[in-house]
Amino acid sequence: MAASKYKVNWFGIAKFPEGITHIEDGAFWGCEKLRYVTIPSTVKSIGQKAFTGCENIKSITIPSNVESIGDEAFSWCRNLRTVTICGNVETIGNNAFIACDALSSITFQGNIGSIGEKAFFAIKELKTVKIKGRIGSIGDAAFSSCEGIESITFPFGLENIGKEAFSACENLSSISFSEYVKNIGEQAFWKCKGLKKLTFPGDVDCIGKEAFEWCNLKSIIFEGKVKRIEEGAFRYCENLTSVTFSNDVENIESKAFYTCENLSTVTFSGCVGSIGDCAFFQCHALKSITFSNDVKGIGEHAFRGCQKITSVIFLGNVESIGKDAFFALEKLKTVTFAKDIKSIDQKAFAFCKKLKSVTISGNVEYIGDEAFKGCENLVEVKLHSGDNSVTLPSSAFE
């Protein structure tokens, strides 16, 4: 234990100097006889490792005047069961409650500026997290591997959820995002197998790499605009059946929905910036794709392996369709471009053997080599090149 001004009496009760405003680093470090802690209302900050290894503390109430909780402040308090944070705290430090193995309940009654990295990491007994105020950001791996957590409601004001923040919380079955959530970090909800539905009510800046990979999601709804969905964000969500983009989406990166085998419906209501390589690769249950507005680009192999697709419809202008984007779709019968298309790259629709009709109502500038090669049942191609001279290689419709 640190300096002699911090004392513990025979009953295991902590004694603090009168008028104390800061509990020093390591103040009660490793004090096994400490059982009861009443933090004075005058305290504004709790130092690093202040209560580390106090294994006989069972509950902690952080009074309303405390503004910061230091790194590892309550780490390795193995019998700590409940934590209540009463007021507005600017920072909860990294590893603040790590290895508090018995902790089952946390209540945030006020506003929290930030929760640090691994603050509550791998606390398997943690089941209840009550957030009554606002939280600014949740740090990397803050609640990672907390297998007992079943539901989380994110309050107004939370904008950033860090890398691996809730990864491997396998019993997490319900998440409620506020409209303020902007950024979800890499693997933030990786392998949260209890999740069934996601709704994003506001605009989203970024859903990070592998953020929801291996989740058992069934539906995803984006009500606002989406700037970026990174690589593998929803990869291997094998129970996913529907994804709805109610507004514009700027960038769906490579393999974002890779091998979502039961994904049958994707709705694009707004403009689409770009869809990356293999973004929907082997989504076997997809039956049709309709782009209701303009599309900037569709990457290579984007919908390859989606063997149940029967129609592809572009109602807005399209800049480019990449190589092999719709390659060898066995049931594809019709492709419609209602407006202009700048370029269809090589083999974009090659070997779609049941394709019967291709309609391009607007201008088309370029159709690449073998773009429709092997479409042996193609009997109708309607091209309107307008004032432009379309580049049409001899192999385009071989």
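Structure shown above.
Residues numbered from 1 in each chain as written. Predicted model: local features only at pLDDT ≥ 70, side-chain atom pairs only at ≥ 80, totals over all residues. Heavy atoms only, no water.

K.L.:
What exactly am I supposed to notice about the environment of Lys 331 here?
P.N.:
With respect to the helices, strands and loops of the structure, Lys 331 is situated in the loop between strand E28 (318-321) and strand E29 (334-337). The spacing of Lys 331 and Lys 49 is 282 residues in sequence and 63 Å in space, taken between C-alpha atoms. Setting aside residues no more than four positions away along its own chain, Lys 331 makes contact with Gln 307, Lys 308, Ile 309, Thr 310 and Lys 354. (Helix = DSSP H or I, 4+ residues; strand = E, 2+ residues; numbered from the N terminus. Contact = heavy atoms within 4.5 Å.)

K.L.:
Is there a simple way to explain the sheet that holds strand E21 (residues 242-245) in this structure?
P.N.:
With parallel pairing, the nine strands of this open sheet are ordered in space as E17-E19-E21-E23-E25-E27-E29-E31-E33. Both outer strands of the open sheet, strand E17 (197-200) and strand E33 (380-383), are each paired with one neighbouring strand and no more. Strand-to-strand twist across the sheet, computed as the mean angle between neighbouring axes with direction ignored, equals 5°. Pairing analysis gives two bridges linking strand E23 (residues 265-268) to strand E25 (residues 288-291), with the strands arranged parallel. For Thr 267, the partnering residue across the bridge sits in E25 and is Thr 290. (Pairing = 2+ DSSP bridges. Axes fitted to C-alpha atoms, helices over the stretch in contact; angles between N-to-C directions.)

K.L.:
Help me out: how do you make sense of the pattern of salt bridges in this one?
P.N.:
Pairing is possible between side chains that carry opposite charge, provided their charged atoms lie close to one another. One pass over the structure, following the stated rule, counts eleven salt bridges. With a shortest N-O distance of 3.4 Å, Glu 147 and Lys 124 are connected by a salt bridge. Of the two residues, Glu 147 sits in the loop between strand E12 (135-138) and strand E13 (151-153) while Lys 124 sits in the loop between strand E10 (112-115) and strand E11 (128-131), which places them 23 residues apart along the sequence. Note that Arg 235 and Glu 210 form a salt bridge whose closest N and O atoms lie 3.0 Å from each other. Of this pair, Arg 235 sits in the loop between strand E20 (226-229) and E21 while Glu 210 sits in the loop between strand E18 (204-207) and strand E19 (219-222); the two residues are 25 residues apart in sequence, bridging distant segments of the chain. When salt bridges that share partners are traced, they join Glu 210, Glu 213 and Arg 235 into one network. (Salt bridge = Lys/Arg side-chain N within 4 Å of Asp/Glu carboxyl O.)

K.L.:
Sorry, what's going on with the packing of aromatic side chains here?
P.N.:
Centre-to-centre distance and the angle between the planes together describe a pair of aromatic rings. Going through the model one piece at a time under the given rule, you end up with 37 aromatic pairs. Both rings, one in Phe 257 and one in Phe 280, keep their centres 5.0 Å apart while their planes meet at 5°; by these two values the pair is stacked. Placement of Phe 257 in the loop between strand E22 (249-252) and E23 and of Phe 280 in the loop between strand E24 (272-275) and E25 is noted, with a sequence separation of 23 residues between them. Judged by relative accessible area, Phe 280 falls into the buried class, the value being 0%. (Phe/Tyr/Trp six-rings, centres within 6.5 Å; stacked < 30°, edge-to-face > 60°. Buried < 20%, exposed > 50% of the residue type's maximum accessible area, 1.4 Å probe, protein only.)

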